[in-house]
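Residue strings, one per chain:
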Amino acid sequence: EMDASRFYEGCINGTLEDDLNFRTPLPGDCIYRKPGTVYAAVGKIKVVEIAQNSRVTYHLYDMAKKSSGKAALRGNAESDYQMEVAEAIDVVDYAPFDADRYLFRNINGNITIADTSDFIVKMNLLGSGVGKVGGDCAQVEISPESLESFVALLCLKGSATVKAPDGSEYDFAAGEFVLLPANMEQVAVSAVTCSGPETSNNGQTLVLQAYMPQFA
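Residues numbered from 1 in each chain as written. Predicted model: local features only at pLDDT ≥ 70, side-chain atom pairs only at ≥ 80, totals over all residues. Heavy atoms only, no water.

Secondary structure summary: the protein contains four helices and 13 strands in total. Per-residue burial over the protein gives 35% buried out of 216 residues. Restricting the contact set of the protein to residue pairs at least 6 apart, pairs at least 24 apart contribute 66%. Within the structure as shown, the protein displays about 13800 Å² of accessible surface, and the carbon and sulfur contribution to it stands at 48%. (Helix = DSSP H or I, 4+ residues; strand = E, 2+ residues; numbered from the N terminus. Buried < 20%, exposed > 50% of the residue type's maximum accessible area, 1.4 Å probe, protein only. Contact = heavy atoms within 4.5 Å. Areas by Shrake-Rupley, 256 points an atom, 1.4 Å probe, with all protein chains shown as cover.)

Okay, unusual backbone geometry next. In the Ramachandran plot, E148 falls in the positive-phi region, its phi being about 55 degrees despite a non-glycine side chain. Mapped onto the elements, E148 comes out in the loop between α4 (144-147) and β8 (151-157). Assessed through its relative accessible area of 56%, E148 is described here as exposed.

In this structure, P213 sits in the segment after β13 (204-211). With near-sequence residues (within four places) excluded, P213 lies in contact with T116, S117, D118, F119 and I120.

Taken in spatial order, the five strands line up as β5-β6-β13-β8-β11 in an open sheet, and their pairing is antiparallel. At either margin of the open sheet sits one strand with a lone partner, and together these are β5 (110-115) and β11 (177-180). Each strand of the sheet is rotated relative to its neighbour by a mean of 20 degrees, with strand direction disregarded. (Pairing = 2+ DSSP bridges. Axes fitted to C-alpha atoms, helices over the stretch in contact; angles between N-to-C directions.)

The next thing to look at is the packing of aromatic side chains. When we look at a pair of aromatic rings, we describe it by the centre distance and by the angle of the planes. A complete count under the given rule lists three aromatic pairs for this structure. Pairing F7 with Y94 gives two aromatic rings, centres 5.8 Å apart and planes at 70 degrees, and the pair type is edge-to-face. With a gap of 87 residues between them, F7 in helix α1 (residues 4-13) and Y94 in the loop between α2 (85-88) and α3 (99-102) connect regions that are remote in the sequence. Where F97 meets Y102, the ring centres are 6.4 Å apart and the plane angle is 45 degrees; that geometry is what we call tilted. Taking the relative accessible area as the measure of exposure, F97 reaches 28% and is therefore partly exposed. Owing to a relative accessible area of 10%, Y102 belongs among the buried residues under this scheme. Three or more aromatic residues link up through ring pairs in this structure, and these residues are Y32, F97 and Y102. (Phe/Tyr/Trp six-rings, centres within 6.5 Å; stacked < 30°, edge-to-face > 60°.)

This part covers the sheet that holds strand β9 (residues 159-163). Read from one edge to the other, the open sheet built from four strands follows the order β7-β12-β9-β10, with strand pairing classed as antiparallel. Of all the strands in the sheet, just β7 (139-142) and β10 (169-173) have a single pairing partner and so form its edges. Across the sheet, the axes of successive neighbouring strands diverge by a mean angle of 20 degrees, strand direction being ignored. Direction of pairing for β9 relative to β10: antiparallel, over a ladder of five bridges. Within β10, the position partnered with K163 by the bridge is E169.

The subject of this paragraph is the nonpolar core. Among the nonpolar cores identified, the biggest contains 20 residues, and I142, L153, F172, L180 and V189 are the most heavily contacted of them. Mapped onto this core, the elements with two or more residues apiece are β6 (120-127), β7, β8, β9, β11, β12 (187-191) and β13. One finds I107, V121, L154 and L208 within the second-largest nonpolar core, a separate group that totals 16 residues. (Core = buried A, V, L, I, M, F, W, Y, C linked by side-chain atoms within 4.5 Å.)

Here we come to the side chain of S190. Note that S190 resides in strand β12. By relative accessible area, which is 17% here, S190 ends up buried. If sequence neighbours within four positions are ignored, S190 has contacts with L126, A138, Q139, S159, A160 and T161.

Here it is in structure tokens:
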């Protein structure tokens, strides 16, 4: 079991990686990192951070290159970043990683990744072979007005189209972001590829949506 003392010593002595829980995600997987989780990412992994507007980020460990050329974690007092281990001790979540709750394998369809008092995050897989009805491409309908919150959309794979209530359409591709204001009526989000040729994404589009929960 990890605790504050063991964590602090690992950061200072450069041995923290011995206690880290390494996971290797595959294409289509998603890992939810709850608040307070210490993490690092290596390789072609997309990290999406959803948080309140804050400049507070604790740098605990350096990403460094070992002589073998492989990326590794290493404590380094001469880092460009100031190590802030002592400041982070009280906010780190030391509980073990719960793969059954926070690791989502091979996302297919629409799932909720996080449902907290601060935000709700969903993944929508759209396109050919996903929830097709009557030969039409699957789509998801979102109403910021009903949710009483803005809705942030991020395309992670493929290309998507947002169709507004007035009939106008807006396309956004992988890596691009769309913000729907809280007073906007229902919109439809669908995959651009559903009416065109198959692509390297197998005609599928992955869209992340995040919004604030309603308060009574």
